[in-house]
Amino acid sequence: MTAPADILEEQRFDAVTVFYGAKRGKYPHGNSLLVRGAHETVVIDPSLGLVVRGASAPRADRVLHSHCHEDHIAGAYLYPEAPWHFHVADLHGIHSLDGLMELYGYPEPIHSAWKKTVVSQFHFTARPDARGFRDGDVFELGGARVRVIHAPGHTRGHCLFHVEPDDLVYLADIDLSSFGPYYGDAWSELEDFERTLEAVRKIDARWYATFHHVGVLEGRDAFLERLDRFTAVIADRERRLLEYLAEPHSMAEIAQHRFVYRPQDPVPFAEAVERRSMSQHVSRLLRAGRAREVEPGRFQRRDA
Ligand SMILES: [Zn+2]
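Quick summary incoming for the structure in this document. (Residues numbered from 1 in each chain as written. Predicted model: local features only at pLDDT ≥ 70, side-chain atom pairs only at ≥ 80, totals over all residues. Heavy atoms only, no water.)

Right, let's get into the environment of Val42. Tracing the backbone through its elements, the reader meets Val42 in strand β4 (residues 41–44). Classification of Val42 as buried rests on a relative accessible area of 0%. Through-space distance from the C-alpha of Val42 to that of Asp129 is 18 Å; in sequence the pair is 87 residues apart. Excluding residues that lie within four positions of it along the chain, Val42 makes contacts with Leu33, Leu34, Val35, Ala60, Arg62, Leu64, Leu141 and Val146. (Helix = DSSP H or I, 4+ residues; strand = E, 2+ residues; numbered from the N terminus. Buried < 20%, exposed > 50% of the residue type's maximum accessible area, 1.4 Å probe, protein only. Contact = heavy atoms within 4.5 Å.)

Before going further, it helps to spend a moment on the sheet that holds strand β14 (residues 249–250). Overall, antiparallel pairing links the three strands, which are arranged β14-β16-β15 in an open sheet. Two strands close off the open sheet at either side, each with one partner strand: β14 and β15 (291–295). Note: β15 against strand β16 (residues 298–301), four bridges, orientation antiparallel. Bridge pairing links Ala291 to Arg301 in β16. Against the sheet, helix α9 (residues 270–287) contacts β15 and β16, and its axis sits at roughly 100° relative to β15. (Pairing = 2+ DSSP bridges. Axes fitted to C-alpha atoms, helices over the stretch in contact; angles between N-to-C directions.)

What follows covers the coordination of the zinc ion. Protein coordination of the zinc ion is provided by His67 (NE2), His69 (ND1), His154 (NE2) and Asp173 (OD), with donor distances spanning 2.1 Å. Each of the four donor atoms bound to the zinc ion contributes to angles spanning 87 to 172°, and the resulting shape is irregular. Each donor residue of the zinc ion belongs to the same chain, and together they define the spacing H-x1-H-x84-H-x18-D. Of this pair, His67 sits in the loop between β5 (62–64) and α2 (70–73) while Asp173 sits in the loop between β11 (168–172) and α6 (190–200), and the two are 106 residues apart along the sequence. (Donors = N, O, S within 2.8 Å, 3.2 Å for Na, K, Ca; no water. Tetrahedral: all angles 85-135°; square planar, octahedral: opposite > 155°, others 65-115°.)

Size it by volume and the largest pocket reaches roughly 900 Å³. If you go around the largest pocket, you meet 34 residues; those closest to its centre are Lys26, Tyr27, Phe179, Tyr261 and Val267. Elements with a contribution of two residues or more to the lining of the largest pocket: α2 and α7 (220–244). (1 Å grid on protein atoms, 1.4 Å probe; cavity = no way out; pocket = protein on both sides within 12 Å on 5 of 7 lines; lining within 4 Å. Points joined across faces, edges and corners; volume = space filled by probe spheres on them.)

When charged atoms on two side chains of opposite charge get close, those side chains can pair. In this structure the tally under the stated criterion is 24 salt bridges. Among the ionic pairs, Arg24 bridges to Glu9, the shortest N-O distance being 3.1 Å. Remark: Glu9 occurs in the segment before β1 (10–12) and Arg24 occurs in the loop between β2 (16–19) and β3 (32–36); sequence separation between them is 15 residues. Among the salt bridges present, the one from Arg298 reaches Glu253, with a minimum N-O distance of 3.6 Å. In this pair, Arg298 sits in strand β16 while Glu253 sits in helix α8 (residues 251–257), placing the two residues 45 residues apart along the sequence. Exposure remark for Arg298: the relative accessible area of 24% places this residue in the partly exposed category. Via salt bridges that share partners, Glu191, Glu194, Glu238, Arg284, Arg287 and Arg290 belong to a single interconnected network. (Salt bridge = Lys/Arg side-chain N within 4 Å of Asp/Glu carboxyl O.)

Take it as geometry only, folks, not as evidence of what the structure does.
The structure is reproduced here in structure tokens:
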């Protein structure tokens, strides 16, 4: 007998408790962390999973965000009295709804529809007084501490958190899923993400926690095995793009063909994400001389 997917689990470590979202945090759900110290308790990335807990959502004195994306801020409104913190590079997204929309950079009509969705389904609440942190900043909670590790690419201000005494690294949206790295927003950068993936390989921790459904992995070997597969998705997208460019194609055709999402995935912003993601691959193929613009706006593989 399998448990119903809507029974939400919690997993206790030392200072950390993981609050799993529905479907173990598969998007649009996510897994939130609570870190309890002697003086202070912080919640990290309050998700829809905390919203459905309602009155039994955990209390917190402070809210830390790995980055400013709808699924990671969906439960932040449950903590109106607590200070909210983001990396300085993502603060713009929480200051106003228009700021958040700049971070996505979607064209119309996706822009207007998405702007409504982040409010109605993800409870976006602007916080002009949100505070900024930087790489290396430490939150001392009393017997427990959270250290910020800037890991840009997914967004400009995307960060990981290392929690002691658990020796747990919260990987946020380096989510180790089979979907692979997401760099489909205006404020995403493929090559920053690749540098980040190189850097996180060196992190040696006991536990590795992700925001989405992979959950918590124990030990560096399990982490590296997943990380390698996750990273390989980037090269696979580029290989499939090169195959497709045996014939000349425009960016519109490349976006329509789909390299990030599967053709059957009903994602409202897919066209924008495909375009942003794959234009970064096209740009670097052009720079490397592996593709050329055979006529304005149409690209083909060099050896084709
Ligand atoms: Zn994200």
